[in-house]
Amino acid sequence: MLFYLQLDGDIIRDVIQYEHEGYQPAELSTPLPIGINAGYYRLQDGVPVLDQALKDEADKASRPADYVELERRLAESESRNEQLAAESNANQLALMELHMLVLSVLPDEG
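Residues numbered from 1 in each chain as written. Predicted model: local features only at pLDDT ≥ 70, side-chain atom pairs only at ≥ 80, totals over all residues. Heavy atoms only, no water.

Enquirer: Is there a simple way to think about the overall build of the protein chain in this case?
Expert: If you tally the helices and strands in the protein chain, you get two helices and five strands. Counting from the amino terminus, the protein chain carries its helices and strands in the arrangement β-β-β-β-β-α-α. In terms of C-alpha radius of gyration, the protein chain reaches 30 Å, well past the compact-globule figure of 13 Å for 110 residues. Principal axes of the C-alpha set define a box for the protein chain whose edges measure 100 × 30 × 25 Å. The proportion of buried residues among the 110 residues of the protein chain is 16%. Contacts in the protein chain between residues at least 24 apart in sequence constitute 29% of all its contacts with a sequence separation of at least 6. Surface accessibility of the protein chain: about 8600 Å² in total, with carbon and sulfur atoms responsible for 54%. Taking the average place of the 8 positive charges on the side chains of the protein chain and the average place of its 21 negative ones, the gap between the two points comes to 5 Å. (Helix = DSSP H or I, 4+ residues; strand = E, 2+ residues; numbered from the N terminus. Rg over C-alpha atoms; globule rule 2.2 N^0.38 Å. Buried < 20%, exposed > 50% of the residue type's maximum accessible area, 1.4 Å probe, protein only. Contact = heavy atoms within 4.5 Å. Areas by Shrake-Rupley, 256 points an atom, 1.4 Å probe, with all protein chains shown as cover. Lys, Arg positive; Asp, Glu negative; His and termini not counted. Charge placed at Lys NZ, Arg CZ, Asp CG, Glu CD.)

Next up, the structure:
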């Protein structure tokens, strides 16, 4: 089916079904992919191809501020959990060494 594309290089910015200044005609198969005019599809050899890196950027840019704040807090929490786990492992090792030391200085029963 004939569509008219607004391109930024090879990135598809808009798709319409009528001729319009600045839009290039292209024969595309239907149904068109969802999100084709969201700025993360590229026109390659006459075929719209999803550019995952562009989609990830667009998704990240469209996140609400609350989501970004929650994501930041989650990353901080995960970092703190990793730190606590490392400290816990070090404490367990020190406790085992202390236990071995105490056993080595206690008189044998027997």
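Moving on from the coordinates now.
Enquirer: What exactly am I supposed to notice about the side chain of Asp 51 here?
Expert: With respect to the helices, strands and loops of the structure, Asp 51 is situated in the loop between β5 (47-50) and α1 (52-61). Overall, the relative accessible area of 17% leaves Asp 51 in the buried class. Within polar-contact distance, the side chain of Asp 51 engages the backbone nitrogen of Ala 53 at 3.1 Å. Asp 51 has contacts with Tyr 40 and Arg 42, leaving out every residue within four places of it along the chain. (Polar contact = N/O pair within 3.5 Å; in protein donor to acceptor, adjacent residues only side chain to side chain.)

Enquirer: Could you clarify how one ought to interpret the pattern of salt bridges in this entry?
Expert: Where charged atoms from two side chains of opposite charge approach closely, those side chains can pair. The full count for this structure, using the stated rule, is seven salt bridges. With a closest N to O distance of 2.6 Å, Asp 10 and Arg 42 form a salt bridge. A residue pair is termed long-range when its members are at least 10 positions apart, and Asp 10 in the loop between β1 (2-8) and β2 (11-16) and Arg 42 in strand β4 (residues 41-44) qualify at 32 residues. Connected through shared salt-bridge partners, Asp 10, Arg 42 and Asp 51 make up one network. (Salt bridge = Lys/Arg side-chain N within 4 Å of Asp/Glu carboxyl O.)

Enquirer: Teacher, can you tell me more about the nonpolar core here?
Expert: As a rule of thumb, nonpolar side chains are buried together in soluble globular proteins. Counting residues in each nonpolar core, the largest one holds 12 residues, listed as Phe 3, Leu 5, Ile 11, Ile 12, Val 15, Ala 26, Leu 28, Ile 36, Tyr 40, Tyr 41, Leu 43 and Leu 54. For this core, the secondary-structure elements that each account for two or more residues are β1, β2 and β4. Filtering out sequence-adjacent residues up to four positions away, Phe 3 remains in contact with Val 15, Ile 16, Gln 17, Gln 24, Pro 25, Ala 26, Leu 28, Thr 30 and Leu 32. (Core = buried A, V, L, I, M, F, W, Y, C linked by side-chain atoms within 4.5 Å.)

Enquirer: Please clarify how the packing of aromatic side chains should be interpreted in this entry.
Expert: Describing an aromatic ring pair means giving the distance of the ring centres and the angle of the ring planes. For the structure on display, the rule yields one aromatic pair. Positioned over the ring face of Tyr 40 is Lys 55, at 5.3 Å from the centre of the ring. (Phe/Tyr/Trp six-rings, centres within 6.5 Å; stacked < 30°, edge-to-face > 60°. Lys NZ or Arg CZ within 6 Å of the ring centre and 35° of its normal.)

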